[in-house]
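# Reading the structure
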Amino acid sequence: MDYKFPKEFMFGTSTAAYQIEGGWNEDGKGENIWDRLVHTSPELIKDGTNGDIACDSYHKYKEDVALAKNLNLKFYRFSISWARIAPSGIMNSLNPEGIAYYNRLIDELINNDIIPLVTMYHWDLPQYLQDLGGWVNPIMSDYFKEYARVLFTYYGDRVKWWITINEPIEVCKGYAFKGYAPYLNLNNTGFYLAAHTQLIAHGKVYRLYEEIFKPTQQGKISISISGVFFIPKNAESVDDINAAERANQFERGLFSHPVYKGDYPPIMRKWVDKKSKEEGIPWSKLPTFTEDEIKLIKGTADFYALNHYSSRLVTNGNDPNPNYNSDAAYVTSVDEAWLKPSVAPWLIVINKLKLCCAYYSNYNISASTRWIKTAFDMVKK
């Protein structure tokens, strides 16, 4: 069968402000958590480099747009540097030069028939807000809402596709263990608190747009979920099947389930509550949403946004890799036949699909993981 992308399918590319812009302290931009980390502890970066210049897109954005046009891209997804809009992160002191830069970029894209898709937050929290506690402080959801209000006000007349937060689970890891900015070691307590605040922040921004801006701007909003896809190591083992489903719920369900169902996945609530009790903690490490918060968050996605890079086999156990949640009690591995096309050790490509197909052919899967079934059904044909 000759499979084709539908006519309305859009090919594009994606970038992050810190990874490409450079101009880290130019024209009034403030310091963010990655600026602080790489400047104070350069040894944490393998080759000692930083994002001070990066691709110099701050000065070369027209060249970047020309490259995108030459590739015949239909959209360009970029993130806005919060600290470039407001140096401290607080909206009582805006930076006109930063606001003007993104106006120029958006106009350049539109003039070249490329749709701008804007990410509000891609891991670069202004350092002042981090000093207040960052994403483990509940007040961050209000700061984020007011930041979004500014973006809608200045750019919403032309931007019709928005991502509130890119890969929020990776943001959580920056609080859980020393691997990402802000490079804290708050274990799963910090992980869950950061997740909780981000979900509420996303909900507040969605409702703000829905109530104030959408009637005239008519845009769409989502939150960009990321995650490894987990496959049972033994497709005939009920234990492995359950472990894979649990792992998927802890990874993508952590953010997908609240957005679509209004609360954390039941299996996640059960396991974290149990683990907290075993550790002698007098309450669950996983916070509880109020009824108002559930209403706030539920239904806050106009489209499903997913960043997927790789997959892993799963069985019961405790994986020592801090990237995988220890509360979920699963161990990951890869098949030696899978391709390793990158110097990045985590980027591994499945070229042995029968395991996935067996999983989806024979067992019930939840709504949070059903999104990928259609792709594997096509492979089987």
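Use the structure listed above.
Residues numbered from 1 in each chain as written. Predicted model: local features only at pLDDT ≥ 70, side-chain atom pairs only at ≥ 80, totals over all residues. Heavy atoms only, no water.

## Topic: the sheet that holds strand β7 (residues 305-307)
For clarity, the threshold we go by: Two strands form a pair only when DSSP identifies at least two bridges running between them. Each helix is a run of H or I in the DSSP string that is no shorter than four residues. Each strand is a run of E no shorter than two, and both are numbered from the N terminus. Axes here refer to lines fitted to C-alpha atoms; in helices the fit is confined to the stretch in contact. Angles between the N-to-C directions go from 0 to 180 degrees. We call two residues contacting when some pair of their heavy atoms lies within 4.5 Å.
Spatially, the 6 strands line up as an open sheet ordered β1-β2-β3-β4-β5-β7, and their pairing is parallel. Of all strands in the sheet, those bounded by a partner on one side alone are β1 (12-14) and β7. Each strand of the sheet is rotated relative to its neighbour by a mean of 25 degrees, with strand direction disregarded. In the sheet, strand β2 (residues 75-79) pairs with strand β3 (residues 115-121) via 5 bridges, with the strands oriented parallel. Looking at the pairing, Y76 lines up with P116 of β3. Running at roughly 160 degrees to β3, helix α7 (residues 140-155) makes contact with β3, β4 (161-166) and β5 (220-226) of the sheet.

## Describing the pairing of strand β9 (residues 330-333)
Selection criterion: For every residue, the accessible area obtained with a 1.4 Å probe (protein chains only) is divided by the maximum for its type, and the residue is called buried under 20%, exposed over 50%, and partly exposed between those limits.
Side chains Y330 and T332 of β9 all project onto a buried face; the interleaved residues V331 and S333 project onto a face where none is buried. Pairing of strand β8 (residues 311-316) with β9 involves 4 bridges; the strand directions are antiparallel. Note that in β9 the partner of T315 across the bridge is V331.

## Description of the nonpolar core
Basically, it comes down to this: Side-chain atoms within 4.5 Å link the members of a nonpolar core, which is a set of buried Ala, Val, Leu, Ile, Met, Phe, Trp, Tyr and Cys residues.
With 89 residues, the main nonpolar core has W135, F144, F152, Y155 and W162 as its most contacted residues. Counting residues per element, this core draws most heavily on helix α9 (residues 187-217), which supplies 12 residues. Counting 6 residues, the second largest nonpolar core, distinct from the first, contains I231, W338, I348 and I350.

These figures capture arrangement, not role.
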